[in-house]
Amino acid sequence: MYTQALNQPETGPNAAEDAARLARFEARIDAEERIEPNDWMPEAYRRTLIRQISQHAHSEIVGMLPEGNWITRAPSLRRKAALLAKVQDEGGHGLYLYAAAETLGVTREELVAQLLSGRAKYSSIFNYPTLTWADIGAIGWLVDGAAIMNQIPLCRTSYGPYARAMIRICKEESFHQRQGYEIMLTLCRGTPEQKAMAQDALDRWWWPALMMFGPPDSESAHTAQSMRWKIKRFTNDELRQQFVDATVPQGHYLGLTFPDPELRFDPATGHWRFGAIDWEEFRRVLAGDGPCNRERLETRRRAHDEGAWVREAALAHAAKRRARAAAQKIAAE
Amino acid sequence: MTTIAVAETALTLGLLRLADTALVHAHRLSEWCGHAPMLEEDLALANIALDLIGQARALYTYAAEIEGAGRTEDDLAYRRDAPQYRNVLMAELPKGDFAFTILRAFFLAAQAEPLWRATAASRDATLAAIAAKAAKEAAYHLRHAGEWVIRLGDGTAESRRRMLDAFAVLWPYTGELFEADAADRALIEDGILPDPAVLRPQWDAAVDRVFAEADLARPADRWMQSGGRSGRHTEHLGHMLAVMQHLPRAYPGATW
Amino acid sequence: MTETPMPLWEVFIRARTGLAHRHVGSVHAADAEMALQAARDTYTRRGEGLSIWVVPSAAITASDPADKDMLFEPTASKPYRHPTFYTVPDEVGHM
């Protein structure tokens, strides 16, 4: 529980963070202690956390859209219920994460405004379109699979509220990847048309899924400091390799081919080696020129704008009730 | 995949009316997922939709079992065309704004809650078990939607105007919730489903209570829309099913 | 451009009979009933709870971490509050 009054970031001259406090903070990090909302923390740590947690929250919220695109077309009632529950979970995860970021002294409204104005980033994977039902399988299998690789280490991240949100999220997400893989398996065991649909989805989602781990360590702007402060626990490249090693055999079990002619098993290291990632595409999509960037943000803006009168009404009604209760109390006295 | 029609006895027809209303309403609610006015409400509407999908699945499965033609819940949901659907018209109207969605959910829950509560004592044991579970779900839907009707009715000038607009559109569809034809009467006489005439006062009481708090007035009773329960629908259902049934129809015989 | 913030509420859930309510997270809501329902819809989707408390975040007074030493250190020097401080011969049995 996080008393808002104590959560204001420090301002003014005392923000000159003295060496003693910083040393104590870093000693706590080294001792694997969790940092809690009202504890002293360097401004850069707070800013990094707000950026990372809110980007993560935005990704969950924008991530509802590509899969939400198929809720009304899910091909069986069982799939419909599972997909709706999964997309709903993503909304819940966005909610937990916004709340974790709010403990650092920002409001959800500010964070949402950053997203809608285009100032905040979200995972660029969600700027790709879902064109067939197999994309729902591929997203669950690959995108959620990659997300879990990223998220499990975050359950031990140094900031308490973030770590607790991630524990809850990881627990809930365990069904997401299985749901996706089951869809892929059903398609691959189905008609030739269905199998072709599954292969096409893998062809389109594989490389964007690898990009989800972020730029290579050699180019990652934030990795070193975030590792030092145990906000991140593994580097982008380490996690990417873990993902490839786990996923390639799963794809082969499906009888699918990965769209990478250089993919091969290296018995010396026990790792699957993969070809070069097109970082040009990554940067382009991140910068706004992906297939769906404009639509995704527009959809979020529309939902936000069209919901404004509802939020206003709820606040207005609550204020009226409070006023009436107060008037009754005065009348009774 | 050919279109099917269920051989309708009083019981299968009664089950389809309940199941189709639940599924079609769930479909409309699910259209909000990712687009709700606030995150908390995104989760709430999805929860209601999931409850309704669960009810529909149980009812379809039972209807298929009684029919005895070897069909599944998905055959009934995905292979009947609009004229075979038996839902009330209110459920199929397009999603509209949040006021419309909430008022519709409120009207339907205010009917479903006493209906399921009474049906929990049905002489049909399978239906009674489905109803006992659904009654608890409907009670929460009623509470959630009712609170929002009050908030929006007694919120800002705009929310009140939108609530009144929704009200004007939806009110003529409320009569169909309490109709009883020969098939319904057969089920009532057999103690399988309750008499809508018994449910009506409970619906009225729920509506009056919420409307009083929301400062909304009921209009004088007037002409009511009808037809969904016997397969004569609005133009909207065909479009909804075209979307919903697209995949099974485009790939006949495939398993998903 | 930032709109009026929707109040924040802290959510406490009792998972089973006999356990205490435990903090599980937060929701935004205009009033208490809305907060209660949001808490139900957000935090009990997998059968996690039997009872919910919601408390306006602004109503919570928290201790300041800077006071940690003053508040919590003094108890460290009072071992006589713990049963292991006292010696009872084994022959006496469990006490």
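Residues numbered from 1 in each chain as written. Chains lettered and ligands numbered in written order. Predicted model: local features only at pLDDT ≥ 70, side-chain atom pairs only at ≥ 80, totals over all residues. Heavy atoms only, no water.

**Q** Just to check I follow, could you spell out the overall build of chain B for this structure?
**A** If you tally the helices and strands in chain B, you get 11 helices and zero strands. Over its C-alpha trace chain B gives a radius of gyration of 18 Å, about what one expects of a compact globule, namely 18 Å for 256 residues. In terms of its C-alpha atoms, chain B occupies a principal-axis envelope of roughly 55 × 40 × 30 Å. Put simply, chain B has 256 residues, and 61% of those count as buried. In chain B, the share of contacts with a sequence separation of at least 24, taken over all contacts with a separation of at least 6, comes to 80%. Here chain B has roughly 9,300 Å² of accessible surface; of this, 55% comes from carbon and sulfur atoms. With 26 positive and 35 negative side-chain charges, chain B shows a spacing of 1 Å between the two charge centroids. (Helix = DSSP H or I, 4+ residues; strand = E, 2+ residues; numbered from the N terminus. Rg over C-alpha atoms; globule rule 2.2 N^0.38 Å. Buried < 20%, exposed > 50% of the residue type's maximum accessible area, 1.4 Å probe, protein only. Contact = heavy atoms within 4.5 Å. Areas by Shrake-Rupley, 256 points an atom, 1.4 Å probe, with all protein chains shown as cover. Lys, Arg positive; Asp, Glu negative; His and termini not counted. Charge placed at Lys NZ, Arg CZ, Asp CG, Glu CD.)

**Q** Is there a simple way to think about the state of the cysteines in this case?
**A** As used here, a disulfide is simply a covalent bond connecting the sulfur atoms of two cysteines. Here the structure, examined in full by the defined rule, presents zero disulfides over all chains. Between A:Cys170, a free cysteine, and A:Cys155, which holds the nearest cysteine sulfur, the sulfur-to-sulfur gap is 3.6 Å. We classify A:Cys170 as buried; its relative accessible area is 16%. Here B:Cys33 is not disulfide-linked; the sulfur of A:Cys292 is the nearest cysteine sulfur, at 18 Å. Using a relative accessible area of 6% as the deciding quantity, one classes B:Cys33 as buried. (Disulfide = S-S within 2.5 Å.)

**Q** Would you explain the interface of chain C and chain A in this entry?
**A** In many reports, interface size means the accessible area that the parts give up when they come together. Each side of the interface is counted separately: chain C has 28 residues, and chain A has 27 residues. Taken together, both faces of the contact between chain C and chain A bury some 2,600 Å²; the carbon and sulfur share is 59%. Ranking the residues of chain C by area buried against chain A places C:Glu3, C:Arg45 and C:Arg46 at the top, with a combined share of 21%. The tally of links between chain C and chain A comes to six salt bridges. (Buried area = accessible area lost by both parts, 1.4 Å probe. Salt bridge = Lys/Arg side-chain N within 4 Å of Asp/Glu carboxyl O.)

**Q** When you look at the interface of chain A and chain B in this model, what are you seeing that I'm missing?
**A** Contact residues are listed per partner, giving 47 residues for chain A and 49 residues for chain B. Buried area between chain A and chain B, both sides added, is near 4,000 Å², and the carbon and sulfur share of it is 68%. Of all residues in chain A, A:Leu77, A:Gln88 and A:Trp309 give up the largest surface area on contact with chain B, accounting jointly for 20% of the area buried on that side. Counting across the interface, chain A meets chain B through four salt bridges. Across the salt bridge formed by B:Asp154 and A:Lys320, the nearest N and O atoms sit 3.0 Å from each other. In this assembly, chain A and chain B are joined by 16 residue pairs in polar contact (both at pLDDT 80 or more). The dominant element in the side of chain A that touches chain B, judged by the number of residues it contributes, is helix α11 (residues 293–332) of chain A, at 15 residues. For the side of chain A that touches chain B, a count of residues per class yields 23 nonpolar, 12 polar and 12 charged. (Polar contact = N/O pair within 3.5 Å; in protein donor to acceptor, adjacent residues only side chain to side chain. Nonpolar A, V, L, I, M, F, W, Y, C, P; charged D, E, K, R; others polar.)

**Q** Teacher, can you tell me more about the packing of helix α5 (residues 134–151) of chain A against helix α6 (residues 160–188) of chain A here?
**A** Any two packed helices are characterised by the angle at which their axes cross and by the distance between the axes. Residue and element names in this part refer to chain A. With their axes 7 Å apart at the nearest point, α5 and α6 run at an angle of 145° to one another. As for the relative orientation of α5 and α6, their crossing is left-handed in sense. Where α5 abuts α6, its residues Ala 134, Ile 136, Gly 137, Ala 138, Gly 140, Trp 141, Asp 144, Gly 145, Ile 148 and Gln 151 lie against Met 166, Ile 169, Cys 170, Glu 173, His 176, Gln 177, Gln 179, Gly 180, Tyr 181, Ile 183, Met 184 and Leu 187. Residue composition of the contact of α5 with α6, grouped by class: 12 nonpolar, eight polar and two charged. (Axes fitted to C-alpha atoms, helices over the stretch in contact; angles between N-to-C directions. Left-handed = near helix turned anticlockwise from the far one by under 90°.)

**Q** Hey, could you run me through a nonpolar patch on the surface in this one?
**A** Residues and elements named next belong to chain C. Taken together, Met 70, Leu 71 and Phe 72 make up a surface patch of nonpolar side chains, about 320 Å² in accessible area. Considering the arrangement of structural elements, one finds Leu 71 in helix α2 (residues 68–72). By relative accessible area, Leu 71 is classed as partly exposed at 38%. (Patch = residues over 30% accessible without salt bridge, like charges linked within 9 Å, V, L, I, M, F, W, Y side chains within 5 Å.)

**Q** Help me understand the pairing of strand β1 (residues 8–14) of chain C, please; the structure alone is not making it clear to me.
**A** It is a general feature of regular strands that their side chains alternate between the two faces of the sheet. Residue and element names in this part refer to chain C. The element β1 is extensively covered by neighbouring structure, given that six of its seven residues are classed as buried. Here six bridges tie β1 to strand β2 (residues 22–28), and the two strands are oriented antiparallel to one another. Looking at the pairing, Trp 9 lines up with Val 27 of β2. Judged from the six bridges that link them, β1 and strand β3 (residues 51–56) form a sheet pairing that is antiparallel. Across the sheet, Phe 12 pairs through a bridge with Trp 53, a residue of β3. (Pairing = 2+ DSSP bridges.)

**Q** Just checking my understanding: could you explain unusual backbone geometry for this structure?
**A** The phi angle of most residues is negative, glycine excepted, and most peptide bonds adopt the trans form. Residues and elements named next belong to chain A. Phi is positive for Glu 32, close to 65°, though the residue is something other than glycine. Relative accessible area serves as the criterion here: at 37%, Glu 32 is assigned to the partly exposed category. Here the phi dihedral of Lys 230 falls at roughly 55°; this positive angle occurs in a residue that is not glycine. Checked against the element boundaries, Lys 230 lands in the loop between α8 (223–228) and α9 (236–254). Here Lys 230 falls in the buried class, since its relative accessible area comes to 17%.

**Q** Even after reading the chapter, I still don't get the pattern of salt bridges, so can you show me in this structure?
**A** Under the definition given, this model contains 51 salt bridges over all chains. With a shortest N-O distance of 2.5 Å, A:Asp89 and C:Arg45 are connected by a salt bridge. You can see A:Asp89 sitting in helix α3 (residues 77–102) and its partner C:Arg45 sitting in the loop between α1 (32–43) and β3, one on each of two chains. A salt bridge links A:Arg168 to C:Glu48, with the shortest nitrogen-to-oxygen separation between them at 3.9 Å. Highlighted residues: A:Arg168 in helix α6 and C:Glu48 in the loop between α1 and β3, drawn from two different chains. Within this structure, B:Asp97, B:Glu158, B:Arg161, B:Arg162 and B:Asp165 form a network of salt bridges that share partners.

**Q** I would appreciate a short explanation of helix α1 (residues 19–30) of chain A in the present structure.
**A** Residues and elements named next belong to chain A. Its 12 residues place the ends of α1 16 Å apart at the C-alpha level, agreeing with the 16 Å of an ideal helix rising 1.5 Å per residue. All of the buried residues in α1 are Phe 25, Glu 26 and Ile 29. The buried residues of α1 all sit within an arc of 95° when viewed along its axis, so they share a single face. Along α1, the residues that are exposed and aim more than 90 degrees away from the buried face are Ala 20 and Arg 24. In this fold, the buried residues of α1 make contact with α2 (43–68) and α8. At the C-terminal side of α1, Glu 32 shows a positive phi close to 65°. (Expected span 1.5 Å × (residues − 1). Arc of directions from axis to C-beta.)

**Q** Explain the side chain of B:Asn47 here, please?
**A** Mapped onto the fold, B:Asn47 is located in helix α2 (residues 39–67). Given the relative accessible area of 11%, B:Asn47 is considered buried. Non-local contacts of B:Asn47, meaning those with residues more than four positions away in its chain, are made with A:Gln88, C:Arg40, C:Asp41 and C:Arg45.

**Q** I'm lost on helix α9 (residues 196–214) of chain B in this one. Help?
**A** Since there are 3.6 residues in each turn of an α-helix, residues three or four apart along the chain are aligned in direction. All names here are of chain B. The end-to-end C-alpha distance of α9, which contains 19 residues, comes to 26 Å, matching closely the 27 Å that a straight helix rising 1.5 Å per residue would cover. Within the span of α9, buried status applies to Pro 196, Leu 199, Trp 203, Asp 204, Ala 206, Val 207, Val 210, Phe 211 and Ala 214. Considering only its buried residues, α9 is in contact with α5 (98–119), α6 (125–153), α7 (157–170) and α8 (182–189). The opening residue of α9, the one whose side-chain oxygen lies 2.9 Å from the backbone nitrogen of Ala 197, is Asp 195. The positive-phi residue at the C-terminal boundary of α9 is Asp 215, with phi of around 60°.

The analysis is restricted to geometry; functional conclusions fall outside its scope.
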